[in-house]
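# Notes for the structure review
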Amino acid sequence: MALRTHLGSQALGRVHGMVAKNTALRRMIDLVVAMLSPVEAVAFSVIEAVPCRVRHVLLSTGFKFLVGMMGLLPERWTRLGINDELSLEAHALTLAMWPLRLVPVSLRAIRFGLGCGVETGFPPPSSSRVRRERIELQEQGVRGIYLHTSKQSEAANPAESTEPTEGKVKVLMFVFGGAFFGGSARANIGVAAEYARLFCAGGIVYDAFLVDYRRCPEHTIDDAIQDTTNAYSYLIHGRGVAPEDIVVLGISSGGGLALRMLQLAAEATQSDATNQLYFGGKTCLQPAACMMLAPFVDWSDDSHSLKTLHVIDPIVNTRVYEFIQPKMATACGGEDRRKEMSPLSNSMAGLCKRFMVSYSGHEVCTDECRSLISKLRAAGVDVACDEMPHLPHVHHLLASLLPEGRKAQDALVEYARTRVFELSVQ
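Residues numbered from 1 in each chain as written. Predicted model: local features only at pLDDT ≥ 70, side-chain atom pairs only at ≥ 80, totals over all residues. Heavy atoms only, no water.

### So, the packing of helix H4 (residues 52-71) against helix H6 (residues 88-97)
Between H4 and H6, the least distance of the axes is 9 Å, while the angle of their chain directions is 110 degrees. Looking at the two axes, H4 sits roughly perpendicular to H6. Judged by residue contacts, Phe-63, Leu-66, Val-67, Met-70 and Gly-71 of H4 engage Leu-88, Glu-89, His-91, Ala-92, Leu-93, Leu-95 and Ala-96 from H6. Looking at the contact of H4 with H6, its residues break down into 9 nonpolar, 2 polar and 1 charged. (Axes fitted to C-alpha atoms, helices over the stretch in contact; angles between N-to-C directions. Helix = DSSP H or I, 4+ residues; strand = E, 2+ residues; numbered from the N terminus. Parallel < 35°, antiparallel > 145°, perpendicular 65-115°, else oblique. Contact = heavy atoms within 4.5 Å. Nonpolar A, V, L, I, M, F, W, Y, C, P; charged D, E, K, R; others polar.)

Dropping the structure here:
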């Protein structure tokens, strides 16, 4: 069955086609949005001032109302997503997100959506439930937020524990996403805390450490990589967490940073120069596992799905693609470095033996995720793959809205609970 685009409307398809090109309609929309920029800034500030849990309730209630109204209509009028097999909620999301395809994206809008938006979907737990520890070690280049999500970690330092590995506190090293330009550790506290809570099972409990890496365009992807390797070294050598007690989880661009970090850690065991540059001369062995949600691992311009599927992806739509892609060369330090820096172009040898890659079969990162899985398996890595069709980029973060998002989240939780430590405890 052919994929449905633009809510199944030829008229909307023509409008989108005009906006995708340098037409009078596009220039008019861009001009109006530019004139309203001060209003946008005020609106974002007002929304951010609303307590996060209030925003979450308003979003959930509003979305449920939209789904309820659509449920009253004939089915043929409500099948608006790219495939009829999607849930009614997914069709409603497609309808709600479609107008954003026409609006130009600014850095402020990207950061608002990937900051306030993510936080609204996953409100952070109260400080009475989870103690937050801000990590700022300027000399070591380490910035992050450590969440004491397990009761056990409040009583004893994992490094000093004499309990068997199965009884220790594990650490979920969380690398947020945002295409290198958006997202933040603070905005992802709720996501990291929720996964750390859900992963607990069979006497295994988790704390979480969110890496607060530097973003573009103020900095470069090289800086983000350095911050991520510094954070991993800090967990092992500064906090005394055994590598086999660490699970790395990266989302989108955070998945790319996580993979590059592990590649450099593997390379550092053979190269003193790499070890000194990225890990301060300290050996950092591989973690127990790496879990990747729609990882952005090809930073070149080679991915077919990245160049084409933004037309149907509700999250990374055409306007988002047009904002990010022209800036990637500068972010990588030059056009000639984009491919050589990409995790997908580097060796998969020596990586941890447990990987999970979860993504959609119809999103911007589809092709690179499939290529990554093939390369990992060729290197002897045990890879669990969860490919779900017809969903947007990082649909896992829509678990509070979409049944498909909850299903993807459940698969991640099942993997963490049943398979992550099979190798490390033997």
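### Description of empty space enclosed by the protein
The full count for this structure, using the stated rule, is 2 cavities of 30 Å³ or more. The volume enclosed by the largest cavity comes to roughly 210 Å³. Every residue lining the largest cavity is counted, 23 residues in all, and those nearest its centre are Ile-82, Thr-94, Arg-101, Ile-312 and Pro-314. Looking at the lining of the largest cavity residue by residue, the classes come out as 14 nonpolar, 6 polar and 3 charged. Around the second largest cavity sit Ala-265, Ala-268, Thr-269, Asn-275, Phe-279, Thr-283 and Cys-284, which together line it. Mapped onto the lining of the second largest cavity, the elements with two or more residues apiece are helix H11 (253-268) and helix H12 (272-279). Here the lining of the second largest cavity is built from residues that sort into 4 nonpolar, 3 polar and no charged. (1 Å grid on protein atoms, 1.4 Å probe; cavity = no way out; pocket = protein on both sides within 12 Å on 5 of 7 lines; lining within 4 Å. Points joined across faces, edges and corners; volume = space filled by probe spheres on them.)

### Concerning the packing of aromatic side chains
Scanning the model with the defined rule gives 9 aromatic pairs in all. Measuring from centroid to centroid gives 4.1 Å for Phe-176 and Tyr-213, while their planes differ by 10 degrees, and the two rings are stacked. With Phe-176 in the loop between strand S3 (169-175) and helix H9 (189-199) and Tyr-213 in the loop between strand S4 (205-211) and helix H10 (221-238), the pair connects residues that are 37 residues apart, well separated along the chain. Relative accessible area serves as the criterion here: at 3%, Tyr-213 is assigned to the buried category. Judged by centre distance (5.8 Å) and plane angle (70 degrees), the rings of Phe-199 and Tyr-206 are edge-to-face. A connected cluster of aromatic rings, assembled from ring pairs, spans Tyr-146, Phe-209 and Tyr-234. For Arg-239, the ring lying beneath its charged end belongs to Tyr-146, and the centroid distance is 3.7 Å. (Phe/Tyr/Trp six-rings, centres within 6.5 Å; stacked < 30°, edge-to-face > 60°. Buried < 20%, exposed > 50% of the residue type's maximum accessible area, 1.4 Å probe, protein only. Lys NZ or Arg CZ within 6 Å of the ring centre and 35° of its normal.)

### Focus on the nonpolar core
Formed by 106 residues in total, the largest nonpolar core has its most connected members in Phe-209, Ile-221 and Phe-355. Among the elements that line this core, the one with the most residues is H11, at 9 residues. Discounting chain neighbours no more than four positions away, the residues touching Ile-221 are Phe-180, Cys-216, Trp-299, Met-328, Ala-331, Cys-332 and Met-341. Core analysis: the next-biggest nonpolar cluster, separate from the first, contains 22 residues, Ala-92, Leu-398, Leu-401 and Leu-402 among them. (Core = buried A, V, L, I, M, F, W, Y, C linked by side-chain atoms within 4.5 Å.)

### Regarding helix H7 (residues 107-121)
Look at H7: 21 Å from first C-alpha to last across 15 residues, which is about the 21 Å you get at 1.5 Å a residue. Buried residues of H7: Ile-110, Arg-111, Phe-112, Gly-115, Cys-116, Val-118, Glu-119, Thr-120 and Gly-121, and no others. Next to the buried residues of H7 lie helix H3 (37-49), H4, H9 and helix H14 (318-324). (Expected span 1.5 Å × (residues − 1).)

### Overview of the pattern of salt bridges
Under the definition given, this model contains 24 salt bridges. Between Glu-119 and Arg-55 there is a salt bridge, with the nearest N and O atoms lying 3.6 Å from each other. A residue pair is termed long-range when its members are at least 10 positions apart, and Glu-119 in helix H7 and Arg-55 in helix H4 qualify at 64 residues. Arg-55 carries the same exposure label as Glu-119, and that label is buried. Glu-335 is the partner of Arg-338 in a salt bridge, and the nearest nitrogen-oxygen pair spans 3.5 Å. Judged by its relative accessible area of 49%, Glu-335 is partly exposed. (Salt bridge = Lys/Arg side-chain N within 4 Å of Asp/Glu carboxyl O.)

### Examining the sheet that holds strand S6 (residues 289-293)
Taken in spatial order, the 8 strands make up an open sheet running S1-S2-S4-S3-S5-S6-S7-S8, and their pairing is mixed. This sheet does not close on itself; its edge strands, each paired only once, are strand S1 (131-137) and strand S8 (382-388). When the angles between neighbouring strand axes are averaged without regard to direction, this sheet yields 20 degrees. Across 5 bridges, the pairing between strand S5 (residues 246-251) and S6 is parallel. Bridge pairing links Ile-251 to Leu-293 in S6. The strands touched by H11 are S3, S5, S6 and strand S7 (354-360); relative to S5, the strand with the most contacts, the crossing angle is about 140 degrees. Sheet strands in contact with helix H17 (residues 366-378) are S6, S7 and S8, and its direction is about 160 degrees off that of S7. (Pairing = 2+ DSSP bridges.)

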